[in-house]
Amino acid sequence: MSSKDLESEVEDKKELYGYQEGDIAAIFDRLDNVPENHHLLYQLPTGGGKTVIFSEIVRRYLSKHDRKVLVLTHRIELCKQTSKMLKGFDVTNKIINSKVKDLPDQNDYSCFVAMVETLKNRINDKKFHLGNIGLVIIDEAHYNSFRKLLSYFKNSFILGVTATPLSSNIKLPMYESYDELIVGDTIESLISKGFLAKAITYSYDVGLTSLKVGINGDYTVRSSDDLYSNLMMQEKLIHAYTEKSLGKKTLIFNNGINTSLYVLETFREAGYPIKHLDNTSSSEDRREILSWFRKTPDAILTSVGILTTGFDEPTVETIILNRATKSLTLYFQMIGRGSRKLPNKDSFTVIDLGNNAARFGLWQEPVDWQHIFRSPEQYLENLRDDVEIELHFKYQMPPELRARFAKTADISFDVEEEHKLAIAQNLRSKVVFEKSLEQHASMCVDNSEDLYEAKVLAKELNEDIQSRMKRYVNCLSHCSKNYREWLIEDYKLQLILLIGKKFRQRLF
């Protein structure tokens, strides 16, 4: 099918479900009983059918009012999809994109679908004026670019729709732009009614204290690339894939292009079918790769900043979050790409390599959207930070490494309990440090034939050492990051010295 045919293809009219009819009725209750310039925000999870709902709202509004409707989107893909859906509801509409310079045929249409930046530019340039707009619908309303246009429609009813009523800019909270929020059905409810697939989440602990937060409030691309491009994280990613998603159609989200390209090479070298997409990819490459992804049962697609909205591939079986984010919206958008239901798909897998579930909660858990809408600052302040999350990590030695310490019956060490015991006995905290060293040194010596092999084993304990020292520093309280880093290096040095001492004792 050519791109021209695709654009002109009309979406079949969707059947409205009970929860959708209920939400439409609640929205029309406001439309019919509040001032015409009322600003209403409507929340519904990704996959709940927001476009279907507001398309039906447009149809009914035009049948009852002698005024026009404007639908605003922020991406060209959403513009085309929205226009197509509206046609399926018998709403003739005109797309206002970069190709539209003026509107000589304005009176021929009662509904317009516009790119927000294009419309803003045309209005600012005084190229045309949209008159008699009674209803403005804003898709993906959490983006702040739409605020620029609200002043042009002072006498219009504004309906914003979003899956996450939390502004992308904390300095511009949504309660400043909207008078109230209507909350739709929950993810949990839509799963139980058979409209969404259930997410089965597997979280792999990742140390994120090296990440830096940028001016937008999220982790910077550079610090994310530094962490997720390193060999240890690449190995953790491919281990998670082979353990939980081998042979499944998988979509991987990354924060940086460099990381995604590393992922591409890592999976290629392992012999897995994988391709890469980012926002610099050409339209032709994107069409070709997405077609390949759709047709290939075990396809893996690694991506950056391009498939969180305006992308719908129901056959996705696994979502891998190969990144950390502080954005609740992005978290829901990424996981939502796998939530489409199919006759043979009741669930999908989420592999979390960014402690995101620990930060925001599981995708299908209840969320108090009214609280988030009214008190976004308080919600964000109460999110668990990385240090707190990492304190709850429980290090588990990988089976292949555990096998190398087969002669040691118990490799566990409870730092907190040992610290409590030391304090109860009026001993120095350093006793805990020394006990841990003694156990690690004994493990290496008991499972080695010579000093060289023992030192090699000691290097394999790096993650265990880091986990123990984080807990130890927390017991001490008020220790700087620099002190913790020094302590880890000192521990490694003391471990090598103690191993050497134990081998000398064995010889003599």
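A few points on the structure. (Residues numbered from 1 in each chain as written. Predicted model: local features only at pLDDT ≥ 70, side-chain atom pairs only at ≥ 80, totals over all residues. Heavy atoms only, no water.)

**Observations regarding the pattern of salt bridges**
Our working rule: Every case where a carboxyl oxygen of Asp or Glu lies within 4 Å of a side-chain nitrogen of Lys or Arg is listed as a salt bridge. Think of it this way: any DSSP run of H or I at least four residues long counts as a helix, any run of E at least two long counts as a strand, and we number them from the N terminus. Note on exposure labels: buried denotes an accessible area under 20% of the residue type's maximum, exposed denotes more than 50%, and partly exposed covers the range between, all computed with a 1.4 Å probe on protein chains only.
A full pass over the atoms with the stated rule returns 23 salt bridges. For arginine 67, the salt bridge identified is with glutamate 36, shortest N-O distance 3.4 Å. Of the two residues, arginine 67 sits in the loop between α3 (50-64) and β2 (68-73) while glutamate 36 sits in the loop between α2 (18-33) and β1 (39-43), which places them 31 residues apart along the sequence. Judged by its relative accessible area of 24%, arginine 67 is partly exposed. The exposure class of glutamate 36 is partly exposed, given its relative accessible area of 46%. The shortest N-O distance in the salt bridge between arginine 59 and glutamate 56 comes to 2.7 Å. Of this pair, arginine 59 and glutamate 56 both sit in helix α3, separated by three residues, roughly a single helical turn. Through salt bridges with shared partners, a single network forms among Glu21, Glu56, Arg59 and Arg60.

**Overview of helix α8 (residues 221-228)**
Count 3.6 residues to each turn of an α-helix, and residues three or four apart come out pointing the same way. The condition is simple: In what follows, residue pairs with any heavy atoms lying within 4.5 Å of each other are defined as contacts.
Taken as a whole, α8 has its buried residues at Ser223, Ser224, Asp225, Leu227 and Tyr228. Of the surrounding elements, those touching the buried residues of α8 are α9 (231-244) and α10 (257-269).

**Some points on the sheet that holds strand β4 (residues 111-115)**
Worth spelling out the cut-off: Pairing between strands is defined by DSSP: at least two bridges between the two strands are required. Angles run from 0 to 180 degrees between N-to-C directions of axes, and those axes are lines fitted to C-alpha atoms, restricted for helices to the stretch in contact.
Strand order in the open sheet formed by seven strands is β3-β4-β2-β5-β6-β1-β7, and the pairing between neighbours is parallel. Two strands close off the open sheet at either side, each with one partner strand: β3 (94-96) and β7 (180-183). Strand-to-strand, the axes of this sheet are offset by a mean angle of 20 degrees, without reference to chain direction. Of the strand pairs in this sheet, β3 and β4 are connected by three bridges, and their pairing is parallel. The partner of lysine 94 across the bridge, within β4, is phenylalanine 112. On top of the sheet, α3 reaches β1, β2, β4, β5 (133-139) and β6 (157-162); it is set at about 160 degrees to β2, its chief contact.

**Focus on the packing of aromatic side chains**
Using the following cut-off: Stacked, tilted and edge-to-face are the three classes applied to pairs of Phe, Tyr and Trp rings, where Trp contributes its six-membered ring and a pair requires centres within 6.5 Å; stacked means planes under 30 degrees apart, edge-to-face means over 60, and tilted covers the rest. We call a charge positioned above a ring when the Lys NZ or Arg CZ atom is no farther than 6 Å from the ring centre and deviates by at most 35 degrees from the ring normal.
One pass over the full model with this rule turns up 14 aromatic pairs. Between the aromatic rings of phenylalanine 348 and tryptophan 363, the centroid separation amounts to 5.6 Å while the plane-to-plane angle is 75 degrees, which identifies the pairing as edge-to-face. Of the two residues, phenylalanine 348 is situated in strand β13 (residues 347-352) and tryptophan 363 in the loop between α13 (356-360) and α14 (369-374); the sequence distance between them amounts to 15 residues. This pair shows no difference in class: phenylalanine 348 is buried, exactly as tryptophan 363 is. Members of the aromatic cluster, connected to one another through ring pairs, are Tyr331, Phe332, Phe360 and Trp369. Between the NZ or CZ atom of lysine 249 and the centre of the ring of phenylalanine 293, over which it lies, the distance is 5.5 Å.

**Description of the nonpolar core**
As a reminder, the rule being used: Buried residues of nine kinds, namely Ala, Val, Leu, Ile, Met, Phe, Trp, Tyr and Cys, make up a nonpolar core once their side-chain atoms join them within 4.5 Å.
Formed by 94 residues in total, the largest nonpolar core has its most connected members in Leu70, Leu119 and Leu159. Discounting chain neighbours no more than four positions away, the residues touching leucine 159 are Ile27, Leu40, Tyr42, Ile57, Leu135, Val136, Ile137 and Ile138. Membership of the second largest hydrophobic core comes to 29 residues, among which are Val415, Cys444, Val473 and Leu495.

**Focus on the environment of lysine 435**
As for its placement among the helices and strands, lysine 435 is situated in helix α19 (residues 430-446). Residue class for lysine 435 comes out partly exposed when judged on its relative accessible area of 38%. With 330 residues separating them along the chain, lysine 435 and aspartate 105 place their C-alpha atoms 82 Å apart. In contact with lysine 435, not counting residues within four places along its chain, are Phe413, Glu418 and Leu421.

**Let's talk about empty space enclosed by the protein**
Put simply, the test is: A pocket, in this scheme, is an open set of points on a 1 Å grid over the protein atoms alone with protein on both sides within 12 Å along at least 5 of 7 lines, while a cavity is a set where a 1.4 Å probe fits but cannot get out; residues line either one if an atom lies within 4 Å of a point. Grid points are joined across faces, edges and corners, and a volume is the space filled by probe spheres set on the points. Gly counts as polar in this scheme, as do all residues outside two lists: the nonpolar Ala, Val, Leu, Ile, Met, Phe, Trp, Tyr, Cys and Pro, and the charged Asp, Glu, Lys and Arg.
Under the counting rule described, the total for this entry stands at one cavity of 30 Å³ or more. Its residues assigned to classes, the lining of the largest cavity comprises nine nonpolar, four polar and one charged.

**Structural notes on the pairing of strand β12 (residues 318-321)**
A two-sided burial pattern is seen for β12, the buried positions comprising Thr318 and Ile320 on one face and Ile319 and Leu321 on the other. Bridge analysis of strand β9 (residues 250-254) against β12 gives four bridges, and the strand direction is parallel. Bridging from a neighbouring strand, threonine 250 pairs with threonine 318 of β12.

**Describing α2**
Quick note on the threshold: For a helix, the expected span equals 1.5 Å multiplied by the number of residues minus one.
Between its first and last C-alpha atoms α2 spans 23 Å; for 16 residues at 1.5 Å apiece the expected length is 22 Å, and the two agree. Those residues of α2 that sit buried are Tyr19, Gln20, Asp23, Ile24, Ile27, Phe28 and Leu31. For α2, the elements touching its buried residues are β1, α3, β5, β6, β7 and α7 (187-192).

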